[in-house]
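# Report on the structure
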Amino acid sequence: MFFAWACFVLSVLALLALDLGVFNRRTHVIGVKEALGWTFFWVFLALAFNAAVYFMYENCAFGFGGGRWGVTGGRQAVLQYFAGYVIEKSLSVDNIFVIALIFDYFSVPRRLQHRTLYWGITGALLMRGAMIGGGLALLHMFEWVTYVFGAILFVSAVKLLLQEEKEIEPDRNPLVRLARRFYPVASGYEEERFFTRLGGRRAITPLFLVLLVVESSDVMFAVDSIPAIFAVTRDPFIVFTSNVFAILGLRSLYFALAAIMNRFRYLRVSIVLLLAFVGVKMVLSHHYPISTGISLGVICAILSAGVAASLIATRGGAPPVEAAGG
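Residue positions are counted from 1 within each chain, in the order its sequence is given. Local features in a predicted model are, by the rule used here, given only for residues with pLDDT of at least 70; side-chain atom pairs are given and counted only at 80 or more, and totals for whole chains, interfaces and linings are based on all residues. Calculation of side-chain values draws on the structure's entire complement of heavy atoms; hydrogens and water are dropped beforehand.

Strands are runs of DSSP state E lasting at least two residues, helices are runs of H or I lasting at least four, and both sets are numbered from the N terminus onward. When helices and strands are counted, the chain shows 11 helices and two strands. Tracing the chain from N to C terminus, the helices and strands come up as α-α-α-α-α-α-β-β-α-α-α-α-α. Radius of gyration (C-alpha) of the chain: 20 Å, near the 20 Å computed for a compact globule of 326 residues. For the chain, the C-alpha atoms occupy an extent of roughly 60 × 50 × 40 Å along the three principal directions. The buried label applies to any residue whose accessible area, calculated with a 1.4 Å probe on protein chains only, is under 20% of its type's maximum; exposed applies above 50%, and partly exposed to all values in between. Each of the 326 residues in the chain was classed as buried or not, and the buried ones make up 50%. Two residues qualify as a contact provided that any one of their heavy atoms is within 4.5 Å of a heavy atom in the partner residue. Counting contacts in the chain only where the partners sit at least 6 residues apart, residues at least 24 apart contribute 79% of the total. Accessibility throughout is a Shrake-Rupley quantity obtained with a 1.4 Å probe, and a residue counts as covered only by protein chains that appear here. Summed over its atoms, the accessible surface of the chain is roughly 15600 Å², and 67% of this surface lies on carbon and sulfur atoms. When charges are counted, Lys and Arg are positive and Asp and Glu negative, with His and the chain ends excluded. Note that the charge is assigned to NZ on lysines, CZ on arginines, CG on aspartates and CD on glutamates. When the 27 positive and 20 negative side-chain charges of the chain are each reduced to one mean point, those points stand 3 Å apart. All radius of gyration figures rest on C-alpha atoms, and the globule criterion is 2.2 Å times the number of residues raised to 0.38.

Turning next to the pattern of salt bridges. Put simply, a salt bridge is a Lys or Arg side-chain nitrogen that is within 4 Å of an Asp or Glu carboxyl oxygen. In this structure the tally under the stated criterion is four salt bridges. With its nearest N and O atoms 2.9 Å apart, the salt bridge here joins arginine 128 to glutamate 88. Of this pair, arginine 128 sits in helix α4 (residues 110–141) while glutamate 88 sits in helix α3 (residues 74–106); the two residues are 40 residues apart in sequence, bridging distant segments of the chain. Given a relative accessible area of 4%, arginine 128 falls into the buried group. Judged by its relative accessible area of 3%, glutamate 88 is buried. Across the pair arginine 193 and glutamate 190 runs a salt bridge, and its minimum N-O distance is 3.4 Å. Judged by its relative accessible area of 44%, arginine 193 falls in the partly exposed class. Residue glutamate 190 is classed as partly exposed on the basis of its relative accessible area of 26%. Connected via shared salt-bridge partners are Glu88, Arg128 and Asp218.

Let us look at the packing of aromatic side chains. Note on aromatic pairs: the rings of Phe, Tyr and Trp (six-membered ring only in Trp) are paired at centre separations within 6.5 Å, and the planes decide the class, stacked below 30 degrees, edge-to-face beyond 60, tilted for the rest. Taken as a whole and assessed by the stated rule, the structure comprises 23 aromatic pairs. Their ring planes at 35° and their centres at 4.6 Å tell us that phenylalanine 64 and phenylalanine 237 sit as a pair that is tilted. With a gap of 173 residues between them, phenylalanine 64 in the loop between α2 (32–58) and α3 and phenylalanine 237 in helix α8 (residues 236–248) connect regions that are remote in the sequence. Taken individually, phenylalanine 64 and phenylalanine 237 each receive the classification buried, so the pair is uniform in this respect. Among the aromatic residues, those joined into a cluster by ring pairs are Trp5, Phe8, Phe49, Tyr57, Phe64, Tyr81, Phe237, Phe240 and Phe245. The rule is short: NZ of Lys or CZ of Arg within 6 Å of the ring centre and within 35 degrees of the ring normal puts a charge over the ring. Directly above the aromatic system of phenylalanine 195 lies the positively charged group of arginine 202, at a separation of 4.5 Å from the ring centroid.

Next up on the list: α2. By definition here, a helix of n residues has an expected span of 1.5 Å times n minus one. End to end, α2 covers 39 Å across 27 residues, agreeing with the expected 39 Å (1.5 Å per residue, within 8%). Those residues of α2 not exposed but buried are Ala35, Trp38, Thr39, Trp42, Ala46, Phe49, Asn50, Val53, Met56 and Tyr57. Cysteine 60 sits one or two positions beyond α2 and adopts a positive phi of about 55°.

What follows covers the environment of tyrosine 183. Its place among the elements puts tyrosine 183 in the loop between α6 (174–182) and β1 (195–198). Residues tyrosine 183 and arginine 202, spaced 19 residues apart in sequence, show a C-alpha to C-alpha distance of 7.1 Å. Look past the residues within four positions of tyrosine 183 in its chain and what remains in contact with it is Arg202, Ala203 and Ile204.

Turning our attention to the nonpolar core. The biggest cluster of nonpolar side chains holds 94 residues, and the ones touching the most others in it are Phe8, Tyr57, Phe230, Phe245, Leu248, Tyr254 and Val278. Top contributing element to this core by residue count: α3, with 16 residues. Once residues within four sequence positions are removed from consideration, leucine 248 is found in contact with Val12, Leu16, Trp42 and Leu125. Residues enter a nonpolar core if they are buried and are Ala, Val, Leu, Ile, Met, Phe, Trp, Tyr or Cys, with the set joined through side-chain atoms within 4.5 Å.

As a further point, take a nonpolar patch on the surface. On the surface, Leu138, Met141, Phe142, Trp144, Tyr147 and Val148 cluster together into a nonpolar patch covering about 580 Å² of accessible area. Mapped onto the nonpolar patch, the elements with two or more residues apiece are α4 and α5 (145–162). Locating tryptophan 144 in the fold gives a position in the loop between α4 and α5. A patch consists of residues whose relative accessible area exceeds 30% and which take part in no salt bridge; residues with like charges are grouped when within 9 Å of each other, and nonpolar side chains (Val, Leu, Ile, Met, Phe, Trp, Tyr) when within 5 Å.

This brings us to the environment of arginine 180. Relative to the assigned elements, arginine 180 resides in helix α6. Judged by relative accessible area, arginine 180 falls into the partly exposed class, the value being 40%. Residues arginine 180 and isoleucine 204, 24 residues apart in the sequence, show an inter-C-alpha distance of 8.5 Å.

A few words now on the pairing of β1. In this scheme, strands are said to pair when DSSP sees at least two bridges between them. The sheet contact formed by β1 and strand β2 (residues 201–204) spans four bridges and is antiparallel. Looking across to β2, one finds that arginine 197 is bridged to arginine 202.

Shown next as structure tokens:
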């Protein structure tokens, strides 16, 4: 099992190194065509990995399957992985709204946005791993934590439903306040640099503050998404890998959708319903368990309805606005 974990982590690190060190070595504006190409690549890679999940759990390779963590075979593992991936991917769409607002607030030039998201998502992967491990440990030690996670999802759904418009307030962000306490802040951007020097003293650039806000926003979204995937599976490998693949494609998805997010006006309603449904599934898991297959069908139906309603409502409407930070 350690071999499979090591191979996966090393593969992710290699992909990240190729992304920044080879394919995006030159700082440039990510166009919609390029973003869509990368989006399809990450989706294809995630689906292809699901085939590997089936093989490992069906044949009990590397110690997976065989009833461990409640996963008895390849079919069950595939459904859980795909459900977790869809949940994380759909919840990350709301994160795209927030990222766009952050870039707009700080007036981040478009050519610098990819580099910021790269390091932001790299940090998010590390934090997600720690939060997943902590969440699984709590569920293993205290079964009543299931109801706590379910309540978190209900509260998140209600807050998202009642929240009219998201607001970005960096001055109240604890990480930003802490950074400003120890470092002076440069007045302008210095290309993709996070650090600089002012009067012989080490200082931070506004791009570093943007990175801190992006990282902290992901922590807040992880509070929703990680309990949500625990409602589908508690297998650490499935939880982590589905989360990682969903997050890896977030950068390209942002550049592909940021300019047209205003057309998906009912997508937030779908996310509210998704959080509520997963919360119900989690609370009822000990008494009236809902199968992964049924859950996946309900999740896909909720998201499809939101996208379809949005496209119908905005058909022939105003043209999409430019991406934030132009």
